[in-house]
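What the coordinates show
Chain by chain, the residues run as shown.
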Amino acid sequence: FSCGSCGAQSPKWMGRCPDCGEWNTFVEERIVPEKTGAERLVYYPGPAKGPASIAEVETGQEARIFSGIQEFDRVLGGGIVPGSVVLVGGDPGIGKSTLLLQAFGFLAKRGMEVIYVTGEESAAQTSMRGRRLGCIQKKLLVLPETCLEEIIPHMEKINPPSVVIDSIQTIFTNQIGSAPGSVSQVREVSANLMRYAKKKGTAIFLIGHVTKDGAIAGPRVLEHMADTVLYFEGDRGHNYRILRAHKNRFGSTNEIGIFEMRKEGLREVSNPSELFLSDRTFQSSGAAVVSCMEGTRPILVELQALVSHSNNPGMPRRMSSGVDHNRLSMLIALLEKRMGLQLQGQDIFVNVAGGLRINEPSVDLGIVATIASSFLDKPVDPRMVVMGEVGLDGEIRPIPQLEIRIAEAEKLGFTQCLVPKAKNLKNLSDGKIKLIGLASLSEAFEALFSIGA
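Keep in mind it's a predicted model, so treat the numbers as computed, not measured. (Residues numbered from 1 in each chain as written. Predicted model: local features only at pLDDT ≥ 70, side-chain atom pairs only at ≥ 80, totals over all residues. Heavy atoms only, no water.)

**Describing the overall build of the protein**
The test is simple: The way it works is that DSSP assigns letters per residue, a run of H or I at least four long becomes a helix, a run of E at least two long becomes a strand, and they are numbered from the N terminus. Residue exposure (1.4 Å probe, protein chains only): buried if accessible area is under 20% of the type maximum, exposed if over 50%, otherwise partly exposed. Residues are treated as being in contact if the distance between any of their heavy atoms lies within 4.5 Å. Areas reported here follow the Shrake-Rupley algorithm with a probe of radius 1.4 Å; residue values treat only the protein chains shown as occluding. Counted as positive: Lys and Arg. Counted as negative: Asp and Glu, with His and the chain ends omitted from the count. To locate a charge, take NZ of a lysine, CZ of an arginine, CG of an aspartate or CD of a glutamate.
Of the regular secondary structure elements, the protein holds 11 helices and 20 strands. By principal-axis analysis of the C-alpha atoms, the protein measures approximately 80 × 55 × 50 Å. Taking all 453 residues of the protein together, the buried fraction comes to 50%. Long-range contacts, defined as pairs at least 24 residues apart, comprise 66% of the intrachain contacts of the protein with a sequence gap of at least 6. By element, 50% of the accessible surface of the protein is carried by carbon and sulfur atoms, the whole surface being about 21,800 Å². Each charge class in the protein was averaged separately, 50 positive and 50 negative side chains, and the resulting centres sit 2 Å apart.

**A short note on the pattern of salt bridges**
For the record, the criterion: We define a salt bridge as a contact between a side-chain nitrogen of Lys or Arg and a carboxyl oxygen of Asp or Glu at a distance within 4 Å.
Inspection of every chain in the model, using the stated rule, returns 19 salt bridges. Between Glu294 and Arg244 there is a salt bridge; the shortest N-O distance is 3.7 Å. Of the two residues, Glu294 sits in strand E12 (residues 287-294) while Arg244 sits in strand E9 (residues 240-248), which places them 50 residues apart along the sequence. Each member of the pair Glu294 and Arg244 is classed as buried. A salt bridge links Arg405 to Glu360, with the shortest nitrogen-to-oxygen separation between them at 3.2 Å. Of the two residues, Arg405 sits in helix H10 (residues 402-411) while Glu360 sits in the loop between strand E15 (346-352) and helix H9 (364-376), which places them 45 residues apart along the sequence. Glu360 carries the same exposure label as Arg405, and that label is buried. Connected via shared salt-bridge partners are Glu71, Arg74, Glu255 and Arg297.

**Notes on the sheet that holds strand E5 (residues 140-143)**
How we decide: Any two strands with at least two DSSP bridges between them are considered paired. For helices, the axis comes from a line fit to the C-alpha atoms of the stretch in contact; other axes are also lines fit to C-alpha atoms, and the angle between any two N-to-C directions lies between 0 and 180 degrees.
The strand order across the open sheet built from 9 strands is E5-E4-E6-E7-E3-E8-E9-E10-E11, with neighbouring strands paired in mixed fashion. Of all the strands in the sheet, just E5 and strand E11 (265-268) have a single pairing partner and so form its edges. Shown here is a sheet whose adjacent strand axes are inclined to one another by a mean of 25°, direction ignored. Pairing geometry for E9 and strand E10 (residues 256-262), over 5 bridges, is antiparallel. Pairing of Arg241 across the sheet is with Phe259, part of E10. Sitting on the sheet, helix H4 (residues 148-158) touches strand E4 (114-118), E5, strand E6 (162-166) and strand E7 (203-208), and the angle it makes with E4 is about 170°. Strands strand E3 (85-90), E6 and E7 of the sheet are contacted by helix H5 (residues 183-200), whose axis makes an angle of about 155° with E7.

**Quick word on the side chain of Asp73**
Summarising the element assignment, Asp73 is placed in helix H1 (residues 70-76). Put simply, Asp73 is tucked away with no salt bridge, and the nearest opposite charge, on Arg110, sits 6.8 Å away. Not counting the four nearest positions on each side in its chain, Asp73 is found in contact with Ile65, Phe66, Ser67, Gly68, Gly78 and Gly79.

**Focus: the state of the cysteines**
Disulfide: a covalent bond formed between the sulfur atoms of two cysteine residues. Cut-off, in case you're wondering: Defined by distance alone, a disulfide is two cysteine sulfur atoms within 2.5 Å.
Inspection of every chain in the model, using the stated rule, returns 0 disulfides. Considering cysteine sulfurs only, Cys17 is the nearest to Cys20, which forms no disulfide, with 3.6 Å between them.

**Concerning the packing of H9 against helix H11 (residues 441-449)**
The condition that has to hold: Geometric relationships in this document are graded by angle, where less than 35 degrees denotes roughly parallel, more than 145 denotes roughly antiparallel, 65 to 115 denotes roughly perpendicular, and other angles denote oblique. Take the far helix as your reference; a near helix turned counterclockwise from it by less than a right angle gives a left-handed crossing, and one turned clockwise gives a right-handed crossing. Put simply, Ala, Val, Leu, Ile, Met, Phe, Trp, Tyr, Cys and Pro go in the nonpolar bin, Asp, Glu, Lys and Arg in the charged bin, and everything else, Gly too, in the polar bin.
The N-to-C vectors of H9 and H11 enclose an angle of 55°; their axes lie 11 Å apart at closest approach. Between H9 and H11, the crossing angle belongs to the class labelled oblique. Where H9 crosses over H11, the two elements pack in a sense that is right-handed. Facing Leu365, Val368, Ala369, Ala372, Ser373 and Leu376 of H9, the residues of H11 in contact are Leu441, Ala444, Phe445, Leu448 and Phe449. By residue class, the composition of the contact of H9 with H11 is 10 nonpolar, 1 polar and no charged.

**Re the environment of Ser273**
For the record, the criterion: Polar contact criterion, stated in full: a pair of N or O atoms within 3.5 Å, where within protein one must be able to donate a hydrogen and the other to accept it, and residues adjacent in sequence count only if both atoms are side-chain atoms.
By the secondary structure assignment, Ser273 is in helix H7 (residues 272-277). Given the relative accessible area of 0%, Ser273 is considered buried. As for Ser273 and Glu302, which are separated by 29 residues in sequence, their C-alpha atoms are 9.4 Å apart. Beyond its immediate sequence surroundings of up to four residues, Ser273 is in contact with Pro298, Ile299, Leu300, Glu408 and Leu412. Of note is the side chain of Ser273, whose polar atom sits 2.9 Å from the side chain of Glu408.

**Some points on the confidence of the model for the protein**
Keep this limit in mind: Every residue gets a pLDDT, meaning the predictor's confidence in that residue, from 0 to 100.
For the protein, per-residue confidence averages 87 on the pLDDT scale, and 90% of positions sit at 70 or higher. Of the regions scoring below 50 in pLDDT, residues 36-40 engages in 5 contacts with residues more than four places distant in sequence or in other chains.

**Considering the pairing of E4**
Condition: Looking down the strands as they point away from you, a crossover is right-handed if its path from the first strand over the helix to the second goes clockwise.
Taken across its 5 residues, E4 has 5 buried, putting it largely inside the fold. Once the chain exits E4 it traverses helix H3 (residues 123-133) before rejoining the sheet at E5, and the crossover so formed is right-handed.

**Details of the nonpolar core**
Quick reminder of the rule: As used in this record, nonpolar core signifies buried Ala, Val, Leu, Ile, Met, Phe, Trp, Tyr and Cys residues forming a set joined through side-chain atoms within 4.5 Å.
If you look at the biggest cluster of nonpolar residues, it comprises 48 residues, and the most contacted ones within it are Leu356 and Ile371. Aside from chain neighbours lying at most four places away, what touches Ile371 is Ala305, Val307, Leu328, Ile332, Leu335, Leu343, Ile348 and Val350.

**Quick look at the side chain of Glu149**
Residue placement: Glu149 occurs in helix H4. Overall, Glu149 belongs to the buried group, its relative accessible area being 17%. A polar side-chain atom of Glu149 sits 2.6 Å from a polar atom in the side chain of Thr173. Among the polar contacts listed, one links the side chain of Glu149 to the backbone nitrogen of Asn174, at a separation of 3.2 Å.

**Details of the packing of aromatic side chains**
So the rule is basically this: Stacked, edge-to-face and tilted are the three classes for Phe, Tyr and Trp ring pairs, Trp counted by its six-membered ring, which pair at centre distances within 6.5 Å; planes under 30 degrees apart are stacked, over 60 edge-to-face, the rest tilted.
Evaluated as defined, the whole model comprises 4 aromatic pairs. With a centroid separation of 5.9 Å and 40° between ring planes, the pair formed by Phe72 and Phe205 is classed as tilted. Separated by 133 residues along the polypeptide, Phe72 in helix H1 and Phe205 in strand E7 bring together distant segments of the chain. With a relative accessible area of 1%, Phe205 lands in the buried category. Consider the rings of Phe232 and Phe259, whose centres lie 6.0 Å apart with planes at 70°: the pair is edge-to-face. On the criterion of sequence distance, the pair formed by Phe232 in strand E8 (residues 228-233) and Phe259 in strand E10 is long-range, its members being 27 residues apart. Relative accessible area serves as the criterion here: at 3%, Phe232 is assigned to the buried category. Through a chain of ring-to-ring contacts, three or more aromatic side chains come together here, namely Phe72, Phe104 and Phe205.

Spelled out as structure tokens, the structure:
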């Protein structure tokens, strides 16, 4: 019995894995005698080499391969790295196959012969989807196969610059007797594909299923072996999708790519701030625009809060969507202690409009502003952007990359910006937007609602 989360093995079934602590992850696997010598497949072992000085190792600075989708290249760190192994996970139907099929259509259009290995669909089904997406190209080759020993010879013969395996859980090797998708099969198939990628310089994309908890199914070692791990996120109630890097050996993990799902496929969103603010309701209490940084890109989003009298004053509800729940609890306590707002008997709900998830503290002041706005029933100026970290003493602390955030607000036509007080505040803007420097929550309330505390 093997754990589907960490790969730990046991001679009997166990409800909880003793290594990783996960529940109900042990599955039975059939063990067959391990093949040795010439019977065992070893792909491209290469000549034996001893240790070498890192200063003398040739980097082989090969140019990255541009996929033709700028948002995809941004998350990868500037393009596809030859010889890399990229694991793409996400919920069923979120758009993983669509994104990679569109990207490979662009590569084939530029004259590169690439292979799309599909273990879940027939060649005809993949072709139907490709025609709908408009990515039918002669050099985009479709291989409906699930046996690794049949896939590798085709890759050797064509030697493509990039290959998609859709999905890794459907591929199996004859060297192991367990069923496709089992821990040992996924681990062995991935290891062989990784060795092929490193020796041949082929970029391999592995599409992985996810569990109900949102983690990629299979052993955790799968994520350790991959050079880059991407998660495709999104809400079925919205048309947009977010591609986020959780691991990237060749770039930053802070970048995100934003797409809009349409009938003809995924469309890049070049200006995400306009997307998240497009359906904004003006002159309503409990709403404010904040600025967050996703890598090198500033994004303006709307924060919403609803404060209402609780039916259970002894245990009021505190719910958040898109912001950290613990951070929200701290800011509510801060409003009660420092600003005297009586929030003990109030239900408080905070939401990031559009479903974006924000983890940086620069939106603290925005959360405070929306809660106070809803509680006081006083709207925040819709032409104002609020940004700043709030300390436990009620002080407004500086935030990084303030100039870039202000420039984004100017570009979208906002007229005022509440920011932490700084000595060079006047030099951060060319005068198109009014900057209001704040040192404490009292000054913030004065600027927001024209009241003192």
